[in-house]
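The chain contents come next:
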Number of protein chains: 2
Amino acid sequence: MNPPAHDSQPPDAPQGLLGELHDRGLRMTPQRRLVVDAVASLGHATPEEVLTKVREVSPGVNLSTVYRNLELLGELGLLRHSHLGHGPTTWHVPSHSGHIHLLCRACGRVTEADVALADDLVGRLRERTGFLSDMEHFAVQGTCADCAASAEQR
Amino acid sequence: MNPPAHDSQPPDAPQGLLGELHDRGLRMTPQRRLVVDAVASLGHATPEEVLTKVREVSPGVNLSTVYRNLELLGELGLLRHSHLGHGPTTWHVPSHSGHIHLLCRACGRVTEADVALADDLVGRLRERTGFLSDMEHFAVQGTCADCAASAEQR
DNA sequence: CTTACTGCAAATATTTTGCATTTGG
DNA sequence: CCAAATGCAAAATATTTGCAGTAAG
């Protein structure tokens, strides 16, 4: 009778972390906590950036540990990741969600837009194909206002 | 009031290929033509798949040549690519466009939906942020109808 | 104690680059 | 001719995996 728990999390659940881990026979290690904290404080972060942050506190931590923890925490729904382009995956906490990423193909900058702007698309996709969309996972590519302006006067 | 001429190509332009190349002092090599042909016949193809197809005709062709040609033909607008998930980039001819890719996070399958379903989103993004979206470049992640159904009965 | 977890090194996957040689126009 | 393009090998980038030792509960 537990809710499917896959579209809205409590905005903040510090003890949910241990609960989720315990339920699966997993452990709370210093490295695991540091990875969560790093992602939470960085907002969006690549594995490499997470490692750098983690090593400020604990220099011995290995990159593969970061990858393994990001992966695992992602499976547990405690972290999420997005693909913002050619570069590496970026990770964030679910509470940092709520926006689509807009990647400009010209200048490469990533901006954010309210995910509610996609409600129409998400609704149509669900109606027509039954597909339940997560608009936050992939960026939308295009041309930002600035780059469109400079392209126009060419 | 002229359309910026960067969103719709003539559906098929075989001599446009040579024209585009000549205009930039570029050449039509056998490899280059084979890459275009391979992408056209494969629909969606990764660089590796393109290489395989190309080597059916010309076994000596190198993977880096494929990459270089995909990149260049992409810049010329003669090919397009999409990012469909963790795997490699996939390439297609512009005439094969017109759809959003829907990537199921559960089963990994990619389905297609009419890009017009995103007109509302594209319009809102343009109005609010000036961002000109290309919905075809990145997939939309989510859960397909089949996987949503099996998840529900868990 | 048990086994999940870690660090380390090596492997894998994808893409890019330097350079000597070939070739299209 | 000669700059564009290719093939080859090596590097760069992003991620995964095997394994022996460490540590959480």
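Residues numbered from 1 in each chain as written. Chains lettered and ligands numbered in written order. Predicted model: local features only at pLDDT ≥ 70, side-chain atom pairs only at ≥ 80, totals over all residues. Heavy atoms only, no water.

**Section: the protein's contact with DNA strand D**
Surrounding DNA strand D, one finds 22 residues, the nearest of these being Tyr 67 of chain A together with Thr 29, Gln 31, Arg 32 and Thr 65 of chain B. Counted by atom, the contact set of DNA strand D within 4 Å of the protein is 65% sugar and phosphate. Here Met 28 of chain A contributes a backbone N or O atom positioned 3.1 Å from a phosphate oxygen of DNA strand D. Within the side chain of Thr 29 of chain B, an N or O atom sits 2.8 Å from a phosphate oxygen of DNA strand D. Listing elements by their share of the surface near DNA strand D, those giving two or more residues are α4 (63–75) of chain A together with α2 (30–42) and α4 (63–75) of chain B. Taken together, the residues that form the surface near DNA strand D break down as seven nonpolar, ten polar and five charged. (Near = heavy atom within 4 Å. Polar contact = N/O pair within 3.5 Å; in protein donor to acceptor, adjacent residues only side chain to side chain. Helix = DSSP H or I, 4+ residues; strand = E, 2+ residues; numbered from the N terminus. Nonpolar A, V, L, I, M, F, W, Y, C, P; charged D, E, K, R; others polar.)

**Focus on the protein's contact with DNA strand C**
Near DNA strand C, the surroundings consist of 22 residues, among which Thr 29, Arg 32 and Thr 65 of chain A together with Arg 27 and Tyr 67 of chain B are the closest. Each atom of DNA strand C within 4 Å of the protein was assigned to sugar, phosphate or base; sugar and phosphate come to 64%. Ser 64 of chain A places a polar side-chain atom, nitrogen or oxygen, 3.3 Å from a base nitrogen of DNA strand C. Going through the elements one at a time, α2 (30–42) and α4 of chain A together with α4 of chain B are the ones with two or more residues in the surface near DNA strand C. In terms of residue class, the surface near DNA strand C is made up of seven nonpolar, ten polar and five charged.

**Digging into the relation of the copies chain B and chain A**
For the pair chain B and chain A, the best superposition has an RMSD of 0.1 Å and corresponds to a rotation of 180° with a translation of 0.0 Å parallel to the axis. Seen this way, the second copy is the image of the first under a two-fold rotation axis. A high fraction, 100%, of the interface residues of chain B reappear at the interface in chain A, so the copies pair face to face through one surface. (Least-squares fit on C-alpha atoms with pLDDT ≥ 70 in both. Contact = heavy atoms within 4.5 Å.)

**Some words on the sheet that holds strand β4 (residues 110–114) of chain A**
In spatial order, the strands read β4(A)-β3(A)-β6(A)-β5(B); together these four strands make up an open sheet with mixed pairing. Unpaired on one side and paired on the other, β4 of chain A together with β5 (132–134) of chain B mark the two borders of the sheet. Between one strand axis and the next, the sheet turns through 40° on average, direction left out of account. Note that strand β6 (residues 140–143) of chain A and β5 of chain B share three bridges and pair antiparallel. Pairing of Gly 142 of chain A across the sheet is with Ser 133 of chain B, part of β5 of chain B. (Pairing = 2+ DSSP bridges. Axes fitted to C-alpha atoms, helices over the stretch in contact; angles between N-to-C directions.)

**As for the sheet that holds strand β5 (residues 132–134) of chain A**
Spatially, β5(A)-β6(B)-β3(B)-β4(B) is the arrangement adopted by the four strands of the open sheet, whose pairing is mixed. Unpaired on one side and paired on the other, β5 of chain A together with β4 (110–114) of chain B mark the two borders of the sheet. Strand-to-strand twist across the sheet, computed as the mean angle between neighbouring axes with direction ignored, equals 40°. Across three bridges, the pairing between strand β3 (residues 99–104) of chain B and strand β6 (residues 140–143) of chain B is parallel. Within the sheet, the bridge partner assigned to Leu 102 of chain B lies in β6 of chain B and is Val 140 of chain B.

**Brief notes about the packing of α2 of chain A against helix α3 (residues 47–57) of chain A**
All names here are of chain A. The geometry of α2 relative to α3 is characterised by a closest axis approach of 9 Å and an angle of 115° between their N-to-C directions. Note on packing geometry: the crossing formed by α2 with α3 is right-handed. Listed contacts from α3 to Leu 34, Val 35, Ala 38, Val 39, Ser 41 and Leu 42 of α2 are Glu 49, Val 50, Lys 53, Val 54 and Val 57. For the contact of α2 with α3, the class distribution of residues is eight nonpolar, one polar and two charged. (Left-handed = near helix turned anticlockwise from the far one by under 90°.)

**Quick look at the interface of chain B and chain A**
Contact residues are listed per partner, giving 35 residues for chain B and 35 residues for chain A. Roughly 2900 Å² of surface becomes buried between chain B and chain A when both sides are summed, with 71% attributable to carbon and sulfur atoms. On the chain B side of the interface with chain A, the three residues burying the most area are Leu 117, Phe 131 and Phe 138 of chain B, jointly 25% of the side's total. Connecting chain B to chain A are two salt bridges. With a shortest N-O distance of 3.5 Å, Asp 134 of chain B and Arg 105 of chain A are connected by a salt bridge. The interface formed by chain B and chain A holds eight residue pairs in polar contact (both at pLDDT 80 or more) in total. For the side of chain B that touches chain A, the secondary-structure elements that each account for two or more residues are β3, α5 (119–129), β5, β6 and α6 (145–152) of chain B. (Buried area = accessible area lost by both parts, 1.4 Å probe. Salt bridge = Lys/Arg side-chain N within 4 Å of Asp/Glu carboxyl O.)

**Some details on the confidence of the model for chain A**
Confidence along chain A averages 88 in pLDDT terms, with 89% of residues attaining 70 or more. Below a pLDDT of 50 lies the segment residues 1–14 of chain A, which in the model reaches five contacts outside its immediate sequence neighbourhood of four places, other chains included. (pLDDT = per-residue confidence, 0-100.)

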